[in-house]
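This is what each chain is made of:
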Amino acid sequence: MTRKFAVALLIIFASTPAFAAPAAEATDPGAPPEAVQHWRSLRFGMFIHWGPVSLTGHEIGWSRGRQTPIDEYDRLYKRFNPTKFDADAWAATAKAAGMTYLVITTKHHDGFCLWPSDVTDYDIGETPFGRDVLKELSTACRASGIEFGTYYSVCDWHHPAFPKGSPAGKTTKPTADLDAYDAYLRAQVKELLTRYGPLLVLWFDVPQVYTADYGIPMVKMLRGLQPNIVVNNRAYAARGRKRTVGDFDTPEQRVGRFDRDRPWETCMTICRQWAWKPDDRLKSLEQCIHILARTAGGDGNLLLNVGPMPDGRIEPRQVDRLKEIGQWLKTHGESIYGTRGGPFKPAEWGASTHNGSRIYLHVLKWPGEALRLPAIGPRVTKASVLGGGKAEVEQTDQGLVVRAGEADRQAIDTVIALDLDAPAAGIQPLP
Ligand code: FHN
């Protein structure tokens, strides 16, 4: 009996009713407010969806039992050998993109683990590659000043104890045992939280039948291991529509609504697929900048996803796009990092952010010769275009009229800095 199998058996026995986790406690205390504010100040992160599935060019998890037969999908790891994987290069690409944090799929719905787990053999250690991707990537991120976070799929369509299976989580396994799966999940979450240093975030996904009875004690357990970690809203299936889960919401493939009360992060693919897809459609620089500006303008973070190739590289044209975003952030980053959304809510013309006594207008589409905005209390003492250029503002009790000449308007986003004689945070959000 292998050590891993013995450990797995121990976990299953330990999860029998006599030893089952204590009944779910009513609430998750949440992350400390300063931890959430720090996460929010980072504003722009890299999402990575990667695994042996990249050998097929189909979607991670979802193609198991669809484009790729289950048995074939589950054997991919035996030939997964991304010899060009270079964690320092990935971290450098995130840095060059102006990204401040990185979240990688440690285990997606297909159950494969990108680290050598003690409770399964379905992991990177059993591939020809063999190396601990999480160890190398977390080390490289820290060396580059990029904060490291982990995505972990709650549903596991490969594991015999998780009730739902492929395709698409729509089948039910005869071997289902949620107590046993909860023990497995907790053991893996503990591995993530005790092996790779302080994590910025645990990004859970698709809980399906994993309910709050399991999820709340599990989240409390992980917060005990890393009290400053931030947890998203997908750690478990919430009871009732009104229940909020975790520390932030996760609008997906869309810019979230303006909300300065509940933290949120838009997750979005830079192409169309989450995992590697040859010749996928790549978003333009304008699209990426507009998504970032509108997300920050709504008071949200943007987690922009790349799907690395089976050889371990991020596709060169995606690297180039990310570098272009980073170039833009070199001159415009102060209008994104550390800002809060508003006071002017996102609209057709664009969005606004603020920090201290400065408002940033992200004018994405000029509504003619001038931009007219509702009145604000503080006086505008100065107006300028980030990156160089002139802007004029007329301020009356009726509102602001903002102008910039054609030569001062910028193709993708004219960011106009308005310096005020009082903090912008005191201005109530305006339509
Ligand atoms: O099914 C997953 C999907 O593959 C991807 O990981 C996204 C990322 O947020 N989450 C789920 C879909 O909501």
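Here's what I pulled together on the structure shown here. (Residues numbered from 1 in each chain as written. Predicted model: local features only at pLDDT ≥ 70, side-chain atom pairs only at ≥ 80, totals over all residues. Heavy atoms only, no water.)

Taken together, 13 residues form the shell around the ligand, and within it H49, W62, H109, D205 and E252 come nearest. Between the ligand and E252 there is a distance of 2.7 Å, counted from an oxygen atom to a side-chain nitrogen or oxygen. Of the residues in the shell around the ligand, the class split is seven nonpolar, three polar and three charged. (Near = heavy atom within 4 Å. Polar contact = N/O pair within 3.5 Å; in protein donor to acceptor, adjacent residues only side chain to side chain. Nonpolar A, V, L, I, M, F, W, Y, C, P; charged D, E, K, R; others polar.)

Next up on the list: the packing of aromatic side chains. In the structure shown here, the tally under the stated rule is 18 aromatic pairs. For the pair F47 and W203, a centre-to-centre distance of 5.0 Å together with 50 degrees between the ring planes defines the contact as tilted. Here F47 is found in strand 1 (residues 44-48), whereas its partner W203 is found in strand 6 (residues 201-205), with 156 residues between them in sequence. Its relative accessible area of 1% is what places F47 among the buried residues. With centroids separated by 5.6 Å and ring planes inclined at 25 degrees, the aromatic side chains of W50 and F85 adopt a geometry described as stacked. One end of the pair, W50, is in the loop between strand 1 and helix 3 (70-75); the other, F85, is in the loop between helix 3 and helix 4 (87-96), and 35 residues separate them in sequence. An identical accessibility class is assigned to W50 and F85; each is buried. Here the aromatic cluster, defined as three or more aromatic residues joined through ring pairs, consists of W50, F80, F85, W90 and F129. A cation sits over an aromatic face here: R409 above W366, 4.0 Å from the ring centre. (Phe/Tyr/Trp six-rings, centres within 6.5 Å; stacked < 30°, edge-to-face > 60°. Helix = DSSP H or I, 4+ residues; strand = E, 2+ residues; numbered from the N terminus. Buried < 20%, exposed > 50% of the residue type's maximum accessible area, 1.4 Å probe, protein only. Lys NZ or Arg CZ within 6 Å of the ring centre and 35° of its normal.)

Our next topic: the pattern of salt bridges. According to the stated counting rule, one finds 26 salt bridges in the structure shown. Salt-bridge contacts for D299 lead to R40; the nearest nitrogen and oxygen are separated by 3.7 Å. Note that D299 is positioned in the loop between helix 8 (285-297) and strand 9 (301-306) and R40 in helix 2 (residues 33-42), a separation of 259 residues in sequence. Here D299 and R40 have matching classes, each one buried. Between R321 and E324 there is a salt bridge, with the nearest N and O atoms lying 2.6 Å from each other. (Salt bridge = Lys/Arg side-chain N within 4 Å of Asp/Glu carboxyl O.)

In terms of burial, strand 3 (residues 147-153) is largely enclosed, as six of its seven residues are buried. For strand 2 (residues 101-107) and strand 3, the ladder comprises six bridges, and the chain directions are parallel. Considered in strand 3, the bridge of K107 is made with Y152. Note on the crossover from strand 2 through helix 5 (residues 133-144) to strand 3: the handedness is right-handed. The sheet contact formed by strand 3 and strand 6 spans four bridges and is parallel. In the strand pairing of strand 6, Y151 is matched with W203. (Pairing = 2+ DSSP bridges. Right-handed = clockwise from strand over helix to strand, strands pointing away.)

Our next topic: the sheet that holds strand 12 (residues 358-363). Taken in spatial order, the five strands line up as 10-11-12-17-14 in an open sheet, and their pairing is antiparallel. The open sheet has two free edges, formed respectively by strand 10 (340-341) and strand 14 (380-385), since each of these has just one partner strand. Where strand 12 meets strand 17 (residues 414-420), six bridges bridge the pair, whose relative direction is antiparallel. Paired with Y360 across the strands is A417, a residue of strand 17. Sitting on the sheet, helix 8 is in contact with strand 10, strand 11 (350-355) and strand 12, with an inclination near 55 degrees to strand 11. (Contact = heavy atoms within 4.5 Å. Axes fitted to C-alpha atoms, helices over the stretch in contact; angles between N-to-C directions.)

Turning to the nonpolar core, a few remarks are in order. Inside soluble globular proteins, nonpolar side chains tend to come together where they are buried. Judged by nonpolar contacts, the single largest core of 91 residues is most densely connected at L102, I104, Y152, F204 and L222. No other element matches the nine residues that helix 6 (residues 178-195) contributes to this core. Taken domain by domain, this core gets at least three of its residues from each of domain 1 (3-335) and domain 2 (342-426). (Core = buried A, V, L, I, M, F, W, Y, C linked by side-chain atoms within 4.5 Å. Domains from an automatic or database assignment.)

Our next topic: the side chain of Q318. Position of Q318 among the secondary structure elements: in helix 9 (residues 316-332). Within polar-contact distance, the side chain of Q318 engages the side chain of E315 at 2.8 Å. Look past the residues within four positions of Q318 in its chain and what remains in contact with it is I270, C271, W276, L282, V306 and G307.

As a further point, take empty space enclosed by the protein. For the structure shown, the criterion picks out three cavities of 30 Å³ or more. Put simply, the largest cavity is a space of about 50 Å³. Taken together, I270, C271, Q273, W274, A275, W276, K277, D280, N305, V306, G307 and Q318 make up the full set of residues lining the largest cavity. In terms of residue class, the lining of the largest cavity is built from six nonpolar, four polar and two charged. (1 Å grid on protein atoms, 1.4 Å probe; cavity = no way out; pocket = protein on both sides within 12 Å on 5 of 7 lines; lining within 4 Å. Points joined across faces, edges and corners; volume = space filled by probe spheres on them.)

The buried fraction of strand 9 is high, at six of six residues. By the alternation rule, side chains of strand 9 split into N301, L303 and N305 and L302, L304 and V306, which are all buried. With five bridges connecting them, strand 1 and strand 9 associate as parallel partners. The residue of strand 9 that forms the bridge with F44 is L302. Pairing analysis gives five bridges linking strand 8 (residues 265-269) to strand 9, with the strands arranged parallel. Opposite T266, over in strand 9, you have L302 as the bridge partner. This β-α-β element, strand 8 to helix 8 to strand 9, shows right-handed connectivity.

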